[in-house]
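# Structure assessment
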Amino acid sequence: MNKRILDLVVKHREELNANYVLLKATQNDKLPEMLPGQFAQLRVDDEPAVMLRRPISINYVDYDKNEVWFLIQIAGKGTAKLAETKVGETLNAILPLGSTFTLPEDTTQSLLLVGGGVGVAPLLFLGGELKKRGFNPIFLLGARTHKDLLQLSDFERFGQVLTTTEDGSHGEKGFVTAHSVLQEASFDMIYTCGPRPMMKAVAALAKQKGIECEVSLENMMACGIGACLCCVEETTRGNVCTCTEGPVFNTKELLW
Ligand code: FES
């Protein structure tokens, strides 16, 4: 899948809460094919303190509307500037980058998608693709409070949505890893993305139950092209750059 440098135009901007902004962007030409798990490097314009692009997951691709969605977590100057992009303004993106989640063929397989924080972003695209292919995925989404649960109505279009919140304001109280579905149900595959301790706990649970598990790592990235080595992850095949070899890995490959 060849990466492109595109000048996208923002069609829709929505503040989901104080920390997250959803941007939907398009271009006149048909968008290139993208797959769940991949990401874009977005250029930060008009912010002299920010030299490097920011890696942002592909949140969803609506091919009917020729739109790609980015869920921006405001975590610093770069992402704050990106989140300010207004409708009609340009978003310069290099995409699609990185590895993809495995899309199984046997539609009888039961699939669980576990997300926390901004880690829910790639799971919406994954859920949409799985639904299109005849699966009925279950989403397990965790957040601190109900205000931090993002895009629930979008997730509900693609499967059953279960939630946990740390304060009990939505779904079961506690962390996603303590949700009853993980104790009671069996799955053929678990996909997860979110804070590293959460992904490690999900991976450990999957290993204990003999379930295949894929994670999308959110290692710090700078260059995004395998040059700076700031995103290295230790794997069974040695140290690899998350930006070029990941972000998606089967947990069997990771030294967790
Ligand atoms: Fe520079 Fe991966 S971000 S090597």
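In the block above lies the structure referred to throughout.
This report concerns the structure included in the present document. (Residues numbered from 1 in each chain as written. Predicted model: local features only at pLDDT ≥ 70, side-chain atom pairs only at ≥ 80, totals over all residues. Heavy atoms only, no water.)

Moving on to the nonpolar core. General note: in soluble globular proteins, nonpolar side chains tend to be found buried as a group. Counting 54 residues, the largest nonpolar core has Leu8, Leu42, Phe70 and Leu91 as its most contacted members. Not counting chain neighbours up to four residues away, the residues in contact with Leu8 comprise Ala25, Thr26, Gln27, Leu31, Val68, Phe70, Glu89, Thr90, Leu91, Ala93 and Leu95. Judged by nonpolar contacts, the second largest core, of 22 residues, contains Leu140, Leu205, Ile211 and Cys213. (Core = buried A, V, L, I, M, F, W, Y, C linked by side-chain atoms within 4.5 Å. Buried < 20%, exposed > 50% of the residue type's maximum accessible area, 1.4 Å probe, protein only. Contact = heavy atoms within 4.5 Å.)

Further remarks concern helix α5 (residues 196-209). Given a rise of 1.5 Å per residue, 14 residues ought to cover 20 Å, and the 20 Å separating the end C-alpha atoms of α5 matches this to within 8%. On its buried side, α5 packs onto β8 (111-116), α4 (180-184), β12 (189-193) and β13 (212-216). Gly210 lies just past α5 and shows a positive phi near 70°. (Helix = DSSP H or I, 4+ residues; strand = E, 2+ residues; numbered from the N terminus. Expected span 1.5 Å × (residues − 1).)

All right, on to the side chain of Asn66 then. Turning to its location among the elements, Asn66 is positioned in the loop between β5 (60-62) and β6 (67-73). We classify Asn66 as buried; its relative accessible area is 13%. In terms of polar contacts, Asn66 uses its side chain to reach the backbone carbonyl oxygen of Asp29, at 3.0 Å. Of note is the side chain of Asn66, whose polar atom sits 2.8 Å from the backbone nitrogen of Leu31. Setting aside residues up to four positions removed in sequence, Asn66 forms contacts with Ala25, Thr26, Gln27, Asn28, Asp29, Lys30 and Leu31. (Polar contact = N/O pair within 3.5 Å; in protein donor to acceptor, adjacent residues only side chain to side chain.)

This brings us to the pairing of strand β10 (residues 160-165). Across the six residues that make up β10, a large majority, five, are buried. In the sheet, strand β9 (residues 138-143) pairs with β10 via six bridges, with the strands oriented parallel. The residue of β10 that forms the bridge with Gly142 is Thr164. Strand direction decides the pairing type here: β10 and strand β11 (residues 172-173), joined by two bridges, are parallel. Among the inter-strand pairings, Thr164 is bridged to a residue of β11, identified as Glu172. (Pairing = 2+ DSSP bridges.)

Let us now look at the packing of aromatic side chains. Across all of its chains, the model carries five aromatic pairs by this definition. Seen from their ring centres, Tyr60 and Phe125 are 6.4 Å apart, and the 80° between their planes marks the pair as edge-to-face. Remark: Phe125 occurs in helix α2 (residues 121-132) and Tyr60 occurs in strand β5; sequence separation between them is 65 residues. In this structure Phe125 comes out as buried when scored by relative accessible area, which is 0%. Clustering of aromatic rings is evident, with ring pairs tying together Tyr60, Trp69, Phe125 and Phe158. The ring of Trp69 carries the charged tip of Lys24 above its face, separated from the ring centre by 3.9 Å. (Phe/Tyr/Trp six-rings, centres within 6.5 Å; stacked < 30°, edge-to-face > 60°. Lys NZ or Arg CZ within 6 Å of the ring centre and 35° of its normal.)

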